[in-house]
Amino acid sequence: MHQKNQQIVHVWDLPTRFFHWALAFCVIAAFFTIKAAGTTEGWIANSGIMWIDWHLKFGYCVLSLILFRIIWGFTGSYYARFSQFLKGPAIIAQYLKGAYQSPGHNPIGALSVIALLAVFGFQAFSGLFTTDDIFTEGPLAHLNSAFSKTMSSLHRSNEPVMIILFALHILAIIYYRIFKKQNLVATMVSGTTQIPSQASQNIKSASDNLRIRIMGFITLLITSGFVYWISTLGASSSGSFY
C-alpha cells in the first residue's frame, strides 16, 4: 500500500532489474572464484572444483550482461535509456542545487552507471586476452602475445578499481537510504517507486509489458550467443560456457 499523497511510478523494467542483480551476482562470483583458484590450503583448495574455469564462465556472463545493457540503453524502456539519464553539466548543477529530480538515475548516479559499465566491461573484455602462461588463457590470447601480456597486466591492475567502484556504489545506496529516505534496493527489486502526487503529473511511467520483456530476453540471448561463440575460439575449450 502506498502512502497518502504518494503516487506509484514504474521506473525499471524487468530486463533492467534482471541485469542489475545478475551482474552483481556474477561479479561477486568471478571475484570469489579467482581468489579460490589461488588458494592452496583448506577445503577450497581440496574441493576438486576447477575454480579458474568457473571464473572464466562468470567472466563470460559479465561480458554478456554488459553488452546487453549497452544495447538496452538504446532500445529499453524510458528510464533504462542513456538518452534519459545522461545529462550535461547544467542539469548536474541543477541536481546538486536540489532543482532537478527524476525517478530514474539521477545525473550523478548516471555517471556512476557509466563508470561501472566501463570498468566491469573492460575487465570482462581484457579477460578474453589474458593468460597465465601455464594452464589458463582467454579464448583470444593466442591472437597476439604482446597484446595478451598487456591485457593480462591491465586485467590484474583493474581489480582494485572495480572494488572501489563497487564499494562506492554500496555506500551511495546506504547514503540515500539513511539521509534521503530513498530505498533504491526496493525500487530495483519491484521496479516501482513513490513520488508526491502533486509532482506525478509531469513524471512518465516506464513500460514493463510483455513486449518489453520479450525484447529484453531476445537481446540477452543474442549477446550471450555472441559471447559463447567467442569463448569457443581459443585453443582450449575448458573456459567456454559449457
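One structure accompanies this document, and this report is about it. Numbers given for residues are sequential positions, taken from 1 along each chain in its written order. Confidence filtering applies because this is a predicted model: local features only for residues at pLDDT of at least 70, side-chain atom pairs given and counted only at 80 or more, and all residues used for totals across whole chains, interfaces and linings. As a convention, hydrogens and water are excluded, and side-chain values are obtained from all of the structure's heavy atoms.

What to know about the overall build of the protein chain
On a plain count of helices and strands, the protein chain comes out with 10 helices and 2 strands. A run of H or I in DSSP becomes a helix once it reaches four residues, and a run of E becomes a strand once it reaches two; helices and strands are each numbered from the N terminus. The secondary structure elements of the protein chain, listed N-terminal to C-terminal, are β-α-α-α-α-α-α-α-α-α-β-α. Dimensions of the protein chain, computed from C-alpha atoms along their principal axes, come out at roughly 65 × 35 × 35 Å. Partly exposed residues are those whose accessible area sits between 20% and 50% of the maximum for their type, while under 20% is buried and over 50% is exposed, using a 1.4 Å probe and protein chains only. Residues counted as buried form 40% of the 242 residues belonging to the protein chain.

Some words on the layout of surface pockets
A cavity here means a set of points on a 1 Å grid, drawn over the protein atoms and nothing else, where a 1.4 Å probe fits but cannot get out; a pocket is an open set with protein on both sides within 12 Å along at least five of seven lines, and a residue lines either one if it has an atom within 4 Å of a point. Grid points are joined across faces, edges and corners, and a volume is the space filled by probe spheres set on the points. Empty space within the second largest pocket amounts to approximately 940 Å³. Along the walls of the second largest pocket sit 34 residues, with Ala30, Ile34, His55, Gln123 and His155 positioned nearest its centre. Of all the elements in the fold, those that place two or more residues in the lining of the second largest pocket are helix H1 (14-37), helix H3 (51-75), helix H6 (107-127), helix H7 (145-157) and helix H8 (159-179). Under the scheme applied here, ten amino acids are nonpolar (Ala, Val, Leu, Ile, Met, Phe, Trp, Tyr, Cys and Pro), four are charged (Asp, Glu, Lys and Arg), and all others, including Gly, are polar. Here the lining of the second largest pocket is composed, by residue class, of 20 nonpolar, 9 polar and 5 charged.

Notes on the side chain of Arg69
By the secondary structure assignment, Arg69 is in helix H3. The sign given to each residue is positive for Lys and Arg and negative for Asp and Glu; His and the chain ends receive no count. Think of a salt bridge as a Lys or Arg side-chain nitrogen and an Asp or Glu carboxyl oxygen that are within 4 Å of each other. Asp13 provides the closest opposite charge to the buried, unpaired Arg69, separated from it by 7.6 Å. Setting aside residues no more than four positions away along its own chain, Arg69 makes contact with Phe19, Ala80, Phe82, Phe85 and Leu117. For this analysis, residues touch if any pair of their heavy atoms sits within 4.5 Å.

Details of H6
The length a helix should cover is 1.5 Å for every residue beyond the first. Across its 21 residues, H6 extends 30 Å between first and last C-alpha, which sits within 8% of the 30 Å expected from 1.5 Å per residue. For H6, the full list of buried residues reads Pro107, Ala110, Val113, Leu116, Leu117, Val119, Phe120, Gly121, Gln123, Ala124, Ser126 and Gly127. Along its buried surface, H6 packs onto H1, H3, helix H4 (82-85), helix H5 (89-96), H7 and H8. N or O atoms within 3.5 Å of each other form a polar contact, as long as, within protein, one can give a hydrogen and the other can take it, and as long as residues adjacent in sequence are counted only when both atoms are side-chain atoms. In this structure Asn106 caps H6, since a side-chain oxygen of it lies 2.9 Å from the backbone nitrogen of Ile108.

Things to note about the packing of H6 against H7
A fitted line through C-alpha atoms serves as each axis, taken over the contacting stretch for helices, and the angle formed by two N-to-C directions is quoted from 0 to 180°. Between H6 and H7, the least distance of the axes is 9 Å, while the angle of their chain directions is 145 degrees. The crossing of H6 and H7 is left-handed. On H7, the residues that touch Phe122, Gln123, Phe125, Ser126 and Gly127 of H6 are Met151, Leu154 and His155. Partitioning the contact of H6 with H7 into residue classes produces 4 nonpolar, 4 polar and no charged. Should the near helix be turned anticlockwise from the far one by less than a right angle, the crossing is left-handed, and should it be turned clockwise, the crossing is right-handed.

Here we look at the side chain of Thr131
Note that Thr131 resides in the loop between H6 and H7. Beyond its immediate chain neighbours, meaning those up to four positions away, Thr131 contacts Thr136, Glu137, Ala141, Ser148 and Ser152.

Concerning the nonpolar core
Counting residues in hydrophobic clusters, the biggest one holds 36 residues, and the most contacted among them are Leu23, Val62, Leu65 and Leu128. Elements represented by at least two residues in this core include exactly H1, H3, H4, H6, H8 and helix H10 (210-231). With 9 residues, H3 is the single largest residue contributor to this core. The residues contacting Leu65, other than those within four sequence positions of it, are Phe18, Phe19, Ala22, Leu23, Cys26 and Leu220. Only buried residues count toward a nonpolar core, which is a set of Ala, Val, Leu, Ile, Met, Phe, Trp, Tyr and Cys residues joined through side-chain atoms within 4.5 Å. Among the nonpolar cores identified, the runner-up in size contains 7 residues, and Val9, Trp12, Met188 and Ala206 belong to it.

Some details on the pattern of salt bridges
A full pass over the atoms with the stated rule returns 3 salt bridges. Among the ionic pairs, Asp208 bridges to Arg213, the shortest N-O distance being 2.9 Å. Here Asp208 falls in the buried class, since its relative accessible area comes to 15%. Note on Arg213: relative accessible area 36%, which makes it partly exposed. What you see here is one network of salt bridges that share partners, running through Arg17, Asp208 and Arg213.

What to know about H1
In a regular helix each residue adds 1.5 Å, so 24 residues correspond to 34 Å; H1 covers 34 Å between its end C-alpha atoms and thus fits that length. Within H1, the full set of buried residues consists of Pro15, Thr16, Arg17, Phe19, Ala22, Leu23, Cys26, Val27, Ala29, Ala30, Thr33 and Ala36. Contact partners of the buried residues in H1: strand S1 (6-10), helix H2 (42-45), H3, H6, helix H9 (184-190) and H10.

Regarding a nonpolar patch on the surface
On the surface, Ile164, Leu168, Ile170, Leu171, Ile174, Tyr175, Ile178 and Phe179 cluster together into a nonpolar patch covering about 800 Å² of accessible area. By the element assignment, Ile164 lies in helix H8. Residues enter a patch when their relative accessible area is above 30% and they make no salt bridge; the linking distance is 9 Å between like charges and 5 Å between nonpolar side chains (Val, Leu, Ile, Met, Phe, Trp, Tyr). Here, Shrake-Rupley sampling with a 1.4 Å probe gives the accessible areas, and only protein chains in the shown set may cover a residue.

As for the environment of Leu23
Residue position: Leu23 is located in helix H1. For Leu23, a relative accessible area of 11% translates into the label buried. Each residue touching Leu23, except ones within four places of it in the same chain, is listed here: Val62, Leu65 and Ile66.

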